[in-house]
Amino acid sequence: MEIIKMLPYFLVVLNFAIFIPASVLDIKYREVPLWYWYVGSKIGLVVSILAFSFYYPIKVLLIYYSISIFSVLGLLIAYLMGHMGAGDLWASIFLALSLPINPFGGFLPPILLTLLIASILELITRTVLTVKDCRNMKLNKRCLSAAPIKARELLNNKKYRWYFAQKSTKNISIDEPHETIIEESNGNLNEIVWAQPGLPYILFILISLPISLIVSTII
């Protein structure tokens with residue numbers, strides 16, 4: 001019985017145990033194996049059902065699970081449009097299934113604030129990076145999400161390793177992260193390409209998770 005009572009808190013530990021190594025992989029390769037999330041989601045769902053069914057009626061649990069899964073809809077749309085990788089989507093699904101309720105209190109499913117904060121952090125980081133590369137030209141609203149950079153620089157400068165052409169709908173490849181740049185410039189290395197950074201969104205989720213748990217407990 002005592003073990004079951006501790007399971008909700010174990011789920012928090014499980015999330016960090018999953019997201020920390022996944023963030024490292026996302027930073028290094030911008031990709032996490034999908035099996036990682038498949039296995040994690042199944043384990044998280046089973047444990048969360050066992051954990052929270054001890055405290056909540058099944059109808060209440062269904063509401064929390066439904067809200068959590070529905071919260072991923074925005075990321076699903078972004079994925080279908082090619083603006084987000086499958087790993088980012090599955091990472092959010094894992095969080096929705098494994099932690100539908102904040103064990104420390106509060107009525108909001110953790111994923112709501114987590115994705116909101118993660119998206120804000122990602123947007124701010126992206127804007128800072130792209131505006132910095134727009135400093136030598138007249139600033140326009142396009143600079144808030146992409147920067148005009150020579151294809152040669154994008155291909156040869158290591159700091160642009162994970163940049164991709166803004167117009168492209170292809171996901172970044174580990175083997176050839178600059179595929180979209182070559183496609184957009186048509187092989188002309190002097191061509192200016194509007195490119196945007198492919199940021200490690202899973203890292204932003206990891207950073208946002210403890211913040212959301214604390215904030216949702218307070219409100």
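Residue positions are counted from 1 within each chain, in the order its sequence is given. Restriction of local features to residues with pLDDT of at least 70 applies here, the model being predicted, together with a cutoff of 80 or more for giving and counting side-chain atom pairs; totals for whole chains, interfaces and linings are based on all residues. The side-chain values count all of the structure's non-hydrogen atoms but skip hydrogen atoms and water molecules.

Let's talk about helix α9 (residues 201-218)
Okay, so step 1: Every helix listed is a DSSP run of H or I at least four residues long, and every strand listed is a run of E at least two residues long, numbered separately from the N terminus. Given the number of residues in a helix, its expected span is that number minus one, multiplied by 1.5 Å. An ideal rise of 1.5 Å per residue puts 26 Å on 18 residues; α9 measures up with 26 Å between its terminal C-alpha atoms.
Okay, so step 2: Exposure is judged per residue with a 1.4 Å probe applied to protein chains only, and the accessible area is read against the type maximum: over 50% gives exposed, under 20% gives buried, and values in between give partly exposed. Listed in full, the buried residues belonging to α9 are Tyr201, Ile202, Phe204, Ile205, Leu206, Ser208, Leu209, Ser212, Leu213 and Ser216.

Examining the packing of aromatic side chains
Okay, so step 1: Each Phe, Tyr or Trp ring, with Trp reduced to its six-membered ring, pairs with another whose centre is within 6.5 Å; inter-plane angles below 30 degrees give stacked pairs, above 60 give edge-to-face pairs, and intermediate values give tilted ones. Counted by the stated rule, this structure contains 11 aromatic pairs.
Okay, so step 2: A centroid spacing of 5.5 Å and a plane angle of 55 degrees characterise the contact between Tyr9 and Phe104, whose relative ring orientation is tilted. In this pair, Tyr9 sits in helix α1 (residues 2-29) while Phe104 sits in the loop between α5 (86-98) and α6 (110-133), placing the two residues 95 residues apart along the sequence.
Okay, so step 3: Its relative accessible area of 34% is what places Tyr9 among the partly exposed residues.
Okay, so step 4: Pairing Tyr160 with Tyr163 gives two aromatic rings, centres 4.9 Å apart and planes at 80 degrees, and the pair type is edge-to-face.
Okay, so step 5: Chaining the aromatic ring pairs together yields one cluster made of Phe19, Trp35, Tyr36, Trp37 and Phe94.
Okay, so step 6: Its end group placed over the ring of Trp162, Arg161 keeps NZ or CZ at 4.5 Å from the ring centre. Charges are assigned to positions over rings by a cutoff of 6 Å between ring centre and Lys NZ or Arg CZ, combined with an angular limit of 35 degrees from the ring normal.

Considering the state of the cysteines
Okay, so step 1: The disulfide criterion is simple: two cysteine sulfur atoms within 2.5 Å. This structure, assessed with the given rule, holds one disulfide.
Okay, so step 2: One disulfide bridge connects Cys134 with Cys143, the sulfur atoms lying 2.2 Å from each other. Handedness of the Cys134-Cys143 disulfide follows from its S-S torsion of about -95 degrees: it is left-handed. Note on accessibility: Cys134 and Cys143 belong to one class, buried.

Some details on unusual backbone geometry
Okay, so step 1: With a phi close to 60 degrees, Arg30 is a non-glycine residue in the positive phi region.
Okay, so step 2: Looking at the secondary structure, you find Arg30 in the loop between α1 and α2 (34-52).
Okay, so step 3: Judged by its relative accessible area of 21%, Arg30 falls in the partly exposed class.

What to know about a nonpolar patch on the surface
Okay, so step 1: Here, patches come from residues exposed beyond 30% relative accessible area and free of salt bridges, joined within 9 Å for like charges and within 5 Å for nonpolar side chains (Val, Leu, Ile, Met, Phe, Trp, Tyr). Using a 1.4 Å probe, the Shrake-Rupley method yields the accessible areas, and only the shown protein chains count as cover for residues. By salt bridge we mean one thing: a side-chain nitrogen of Lys or Arg within 4 Å of a carboxyl oxygen of Asp or Glu. Together, Phe70, Leu73, Leu76, Ile77, Tyr79, Leu80 and Met81 make up an exposed nonpolar region whose accessible area comes to about 680 Å².
Okay, so step 2: With five residues, the single largest contributor to the nonpolar patch is helix α4 (residues 73-80).
Okay, so step 3: Within the secondary structure, Phe70 is located in helix α3 (residues 58-70).
Okay, so step 4: What makes Phe70 exposed here is its relative accessible area of 60%.

A closer look at the pairing of strand β3 (residues 192-197)
Okay, so step 1: Counted residue by residue, β3 has five buried out of six residues, so it is predominantly covered.
Okay, so step 2: DSSP-based pairing: two strands are paired if at least 2 bridges between them are found. Sheet analysis places strand β1 (residues 147-150) next to β3, joined by four bridges and oriented antiparallel. The partner of Ile149 across the bridge, within β3, is Val193.
Okay, so step 3: The sheet contact formed by strand β2 (residues 163-165) and β3 spans three bridges and is antiparallel. Its bridge partner being in β3, Ala165 is matched across the sheet by Ala195.

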